Structure formats: C-alpha cells, structure tokens
Amino acid sequence: MNLHLLVPALFWPDAGLPDIYRDLSLPALENLIAKCSSDDDESEGLEAWLCGAFGVAKQQDWPVAPLALLVDGAEDIKAGNDYWIRADPVHLHIERDQIVLADSRVFGISSQEAEALTGVLNQHFAASSQELVFLPLRPDRWYMRVTKTPAAKTHLLSEAANRGINELLPFGVNQTFWRGLFNEIQMLLHSHPLNQSREAHGEPVINSTWFWGGGVMPESPSSPYTSIWSNNVLARSLALASGTDHIPLPPSAAMWQQSAASGHHLVVLDALYGKAQYADAYGWRESLKELEQSWFAPLWAMSRQGLFDRITLTALGEYKSKNFTARRVDLRKFWRRPKPISIYAG
C-alpha cells in the first residue's frame, strides 16, 4: 500500500514566530519525517496542487468552479461547455488603511440568507446585457454562468482570505468590467435589510462576493490514486471527474485503516489550513496536537509494522511545499534520529 498525506499549513507560515513550536510534543510526526528523504517545490496553494495532481491545466484561473459543479450542481445544472466562475459571499472590513476579506469560515450563512442576497443581485442584473445569474448552490458557495462576458483572471479565495484585497482584485485585459461588477455588488448588498439585521445581532455582514476559480470543464482529468479521502470539495470533484473512489475523511488513521484496501491513497488533512490563514496560533497548535494523536501516531505505528511500501507527506506552504518520502526500507534506518519539527519549517 502507498499513502500520500497532503497537509496544508503543516508549518506555521510566519517564520518570524519560532516560539509557536515551543513545547509541542510531536514524537510520531518527528519520527516519521526523520526517516524520509525530502525535497522542495514551488507552491501555488491547495487548489493548484490538487489540479496539478489530476493533470488539470490552469486556464486563466484554476477551473475550480466547473469542477465543483460535479458536487454542488443540481440535476439540471451541468457545466457543459460554458464558462463558470465562483462568486462566493464574503465579508469586507477596514483594517487600518486597507480593505480585508473574510470568507465563510468565520461567519455563518443560511440557505435562506443566500437565496435572499442572490435574489436581489439577480433582480438588479436581470436587465443586463451580460446575462448575469447568481446561483447559491450551497449557502457559502455561489456560482455564475457567464455567456456574454469576457473571462476573468482572478486570485483564489484562499489567497485573499484575511488579507487586504487592493492588489488581489480581478486583473488582465477584462479587469475593468469585473472590478466594476465587484463594486456594484458591494453597493447593492451594503444596504440590504438582511445585512442590517445581521449587524444589529453582531454578525458579520455579507457585503460582497469574491470572483475566483473561473473556467470551462477540463477534459478527462486523470488520477494517480486508487482512493481519495477528504472533506475538501475540490478533491471530491476531481475524484468524480476522474472516476476515482472518494470517501469522506475519517476522524482518525485507525478508522481509515479499517476501510483502506491495497492501492495508492491520497489523504487530505486540512485542519490546520484555516487556522494558519486567519493567524489563529492557538487553534493551529491545538489542531496539530490533535493530528498527532489521531493521525500521525497511528500512522507511525503502521509504518513500523511494514504496512506501507511508500509513504509521502506533502506539507503545503504559501510559496513552497516540502515533500517527505519514505520507503519501507527507510523506516528501518535507526540512525536517522528525530529532530524538532521546527528544524524543517524554514
């Protein structure tokens, strides 16, 4: 059996905070990494890595929207040959001299709220020559089919989360239209009674949408894996597109082992990702401790028992990813002693 662990934000993104690793007890993870050979790659983030792993090329954007329709789309909503783009609800707020974006990981939104907000957008744009229709296929995942508007070049929502957006708005030859649309949507949502109610109840207002992940459905994604274990919607979509088994992520490696057969498995452990993006140092540490107990400790025990022919751990960072790989023979190299996890973080 081969196992590939994909762990975004395994290392804290701010190298100027080395104390974040202080007193973290991670013996299983440190032992496992010590047995591995390692190499570095450039990183464009989780979506780019997943698309690349399945042979999906970047269009103007990584085509997340048409792929995710495989999971989110209703029977009568198919990607077809159309251009689709995500238009997810976001909260914009001012911090010092910049406008900062928060996505739905830090606020709740119900189906009724999503329908109400997209309803006012669709009513406003109904007479538009661009034929813009917003589809809230999930409360926090909105889509737009574009038939008459030139395609956008955008930044991923994950790139914009908890950041100033001035340098992250749609760009390229069509940027004037898309930036104008972005501003128009803000004006429409700002004064919506639903947002006034949310503000009165101390909830973040949903005052904009973020355009990202546009494209047409890629042809024939291919998978190097037998099974994908993940709660990530893009990973599930790519599994569907490539005809690969997809299973929701179990709570622990012990439960995973009960269901995993022979083959090549991809397991996406993304519990650290949002904590790192929103600079939640305490939450990141606690999540890493939990991963040590529920995943790394049992996987280290399985490795020592010879369960894996090869085990790979890819630690995705913002600009660089680190790949740690061990074959069965490497796990017997007793002279490779564990080092503190902070050693590998640079």
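Residues numbered from 1 in each chain as written. Predicted model: local features only at pLDDT ≥ 70, side-chain atom pairs only at ≥ 80, totals over all residues. Heavy atoms only, no water.

Caption draft 1: Inspection of the overall build of the chain at higher detail. Helices and strands together make up the secondary structure of the chain, namely eleven helices and twelve strands. Per-residue burial over the chain gives 51% buried out of 346 residues. Long-range contacts, defined as pairs at least 24 residues apart, comprise 73% of the intrachain contacts of the chain with a sequence gap of at least 6. As presented, the chain carries roughly 16000 Å² of accessible surface, and 50% of it is formed by carbon and sulfur atoms. One finds the centroid of the 30 positive side-chain charges in the chain at a distance of 9 Å from the centroid of its 38 negative side-chain charges. (Helix = DSSP H or I, 4+ residues; strand = E, 2+ residues; numbered from the N terminus. Buried < 20%, exposed > 50% of the residue type's maximum accessible area, 1.4 Å probe, protein only. Contact = heavy atoms within 4.5 Å. Areas by Shrake-Rupley, 256 points an atom, 1.4 Å probe, with all protein chains shown as cover. Lys, Arg positive; Asp, Glu negative; His and termini not counted. Charge placed at Lys NZ, Arg CZ, Asp CG, Glu CD.)

Caption draft 2: Summary view of helix H6 (residues 175-190). The terminal C-alpha atoms of H6, which comprises 16 residues, lie 22 Å apart, in line with the 22 Å expected from a rise of 1.5 Å per residue. For H6, the set of buried residues is Trp178, Leu181, Phe182, Ile185 and Leu189. Taken end-on, H6 shows its buried residues confined to a sector of 105°, consistent with a single buried face. Residues of H6 that are exposed and angled more than 90 degrees away from the buried face: Thr176, Met187 and His190. Buried residues along H6 sit against strand S3 (83-95), helix H4 (111-125), strand S5 (134-138), strand S6 (141-146), helix H7 (193-200) and strand S7 (208-215). (Expected span 1.5 Å × (residues − 1). Arc of directions from axis to C-beta.)

These values are about where atoms sit, not about what they do.
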